[in-house]
Amino acid sequence: AHGITLSEVFRVLESDNRNTGGGYIERAGEQVVIRGEARFRGIDDIREVVIKADSDGTPVRVGQVARVTVGAVLRQGAMTRDGRGEVVGASVLMLKGENSVAVVDRVRARVEEIRARLPADITISPYYDRASFIDRTLATVKRNLSEGALLVTLTLVLTLGSLRAGLVVSGAIPFSMLFAFIFMGSFGVSGNLMSLGALDFGIIVDGAVVMIEHVLHEIAHRRGDANRRATITHAAAVTARPVVFSVVIVLLVFLPLASLEDVEGKMFRPLVVALALMLAGAVIYCLLVVPAIAPMVFSGAKVSKEDPWLARMIRKLSDPLVVLGMRRPAITLGAMGLIAAGLLSLGAGLGAEFLPRIDEGSIAIDARRLPSTSLSQAIELSRETERALRDIPEVESVVCRIGRPEGAVDPAGPESSDIFVNLKPRAQWRHGLTRERLVEEMSATLSRPVPA
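Residues numbered from 1 in each chain as written. Predicted model: local features only at pLDDT ≥ 70, side-chain atom pairs only at ≥ 80, totals over all residues. Heavy atoms only, no water.

Asker: An account of the overall build of the protein is requested, with residue identities and associated values reported.
Answerer: Each helix and strand counted, the protein has 16 helices and eight strands in total. Relative to the compact-globule value of 22 Å for 452 residues, the protein shows a C-alpha radius of gyration of 36 Å, a clear excess of over 25%. Dimensions of the protein, computed from the C-alpha atoms along their principal axes, are close to 125 × 70 × 60 Å. Burial analysis of the protein (452 residues in total) assigns 31% to the buried set. Contacts spanning at least 24 positions in sequence make up 66% of the contacts within the protein whose residues lie at least 6 apart. Of the roughly 29700 Å² that the protein leaves accessible, carbon and sulfur atoms contribute 60%. Once the 52 positive and 49 negative side-chain charges of the protein are each reduced to a mean point, those two points are 8 Å apart. (Helix = DSSP H or I, 4+ residues; strand = E, 2+ residues; numbered from the N terminus. Rg over C-alpha atoms; globule rule 2.2 N^0.38 Å. Buried < 20%, exposed > 50% of the residue type's maximum accessible area, 1.4 Å probe, protein only. Contact = heavy atoms within 4.5 Å. Areas by Shrake-Rupley, 256 points an atom, 1.4 Å probe, with all protein chains shown as cover. Lys, Arg positive; Asp, Glu negative; His and termini not counted. Charge placed at Lys NZ, Arg CZ, Asp CG, Glu CD.)

In structure tokens:
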């Protein structure tokens, strides 16, 4: 109606959104740069751009001949699942410092609210639930702590030669753990795999072992039970100072780890805090609890002067070896040198990773393609990847997340894909199959249909 062509619209939009330089002027000894700015700050500015004037001089603006709206972002990603094609996917980002279990519970509640409002042919199916990983991690921590406590208790009973003594010493473990749990929250440390998974209960009960062993020695070498309470109290008082010093020395060994920064500090500082609190609880247990309960526990107990049975058996085996080694010192030193060299060579191949290995129950694959890969080609390659992985009996489902938009936390294009492989429970795996062998089988399976 106004006789305006598309090229005229393009031209005026380009010219009205252009910056131009105006040189500079000098003023009061200063140089001021002049620049003309004609940059759009919103869609209203675009609507007001004048294209031309009619025959009567009335200006014709872009808003009169066009509809100016905010368009969609260019698509740079997609999500596919189990070789069936595209699906709509979403990820929940947790705020720093939040509790993972609480966040997952709230997300589940909201998902149930949304699911009730969806049409009958649309469903919400989680493909990776972090709560299951948290449960497996906590189960690992519980298993490590319980097995460690039982092993230490059994060792104490065998080495001390007394069930009562072993139980008294092993009582330092729950007491120290409860003491640490009470104060860990004050230091911002939660009970997790890093803070509790690598605790050494042998260090925790070290002071109690020294005190109880001296108590047993004093009881065995003093006749009569008339002054047994005084004997036990005196024995505990004599060992109190060495026990405190031994715990302080152990703590000083670990304290330098608390000075680590960045990733190393986040990894090892929780362990140092938890260990320091447990050692403090162990000292309190030795100085207050053991002297209080030992007279009751060992009241009327028969304590032999002989070494425990396990110590006698070990001595029968070690004494002949010691005599033989003393007779031939050159051969002994040479043999020890060879053993040390062999152990060092084996230790050199163990690596230097101190992180505990966690089986999440799923595997993440980072797929990289040529930077020029189109989105449609990436979707097709993802389908082939999913079909190939689904042929493995241990694979339950496969989800591919292709690219990410520019506004995401970690932007990426169609050349990048995150592949989530959810595995079946370990009880349903083939006999003798390990996680390492399963990863090798996946790599070999993908190398055939999917180009590298």
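Asker: Tell me about the sheet that holds strand E6 (residues 362-368), and please be specific about residues and values.
Answerer: The antiparallel open sheet is built from four strands, whose spatial order is E5-E7-E8-E6. Here the strands that pair on one side only, and so sit at the sheet edges, are strand E5 (78-81) and E6. Going from strand to strand, the sheet's axes swing by 15° on average, the running direction of each strand aside. Both strand E7 (residues 395-404) and strand E8 (residues 412-423) contribute to a ladder of eight bridges, which runs antiparallel. (Pairing = 2+ DSSP bridges. Axes fitted to C-alpha atoms, helices over the stretch in contact; angles between N-to-C directions.)

Asker: Give a detailed account of the confidence of the model for the protein, specifying residues and quantitative values.
Answerer: Counting all residues, the mean pLDDT for the protein is 83, and 93% of those residues have values of 70 or more. For the protein, the element scoring lowest by mean pLDDT is helix H8 (residues 193-196), at 72; E5 scores highest, at 92. (pLDDT = per-residue confidence, 0-100.)

Asker: So what about the packing of aromatic side chains? Which residues, and what values?
Answerer: Inspection of every chain in the model, using the stated rule, returns four aromatic pairs. Between Phe179 and Phe183, the aromatic rings sit 5.0 Å apart at their centres with planes inclined by 50°, giving tilted as the arrangement. With Phe179 and Phe183 both in helix H7 (residues 172-184) and four residues apart, this pair spans about one turn of that helix. On the accessibility criterion, Phe179 (18% relative accessible area) is buried. Classification of Phe183 as partly exposed rests on a relative accessible area of 35%. Taken together, the ring pairs connect Tyr127, Tyr128 and Phe420 into an aromatic cluster. Above the ring of Trp429, the side-chain terminus of Arg426 is found at 4.1 Å from the ring centroid. (Phe/Tyr/Trp six-rings, centres within 6.5 Å; stacked < 30°, edge-to-face > 60°. Lys NZ or Arg CZ within 6 Å of the ring centre and 35° of its normal.)

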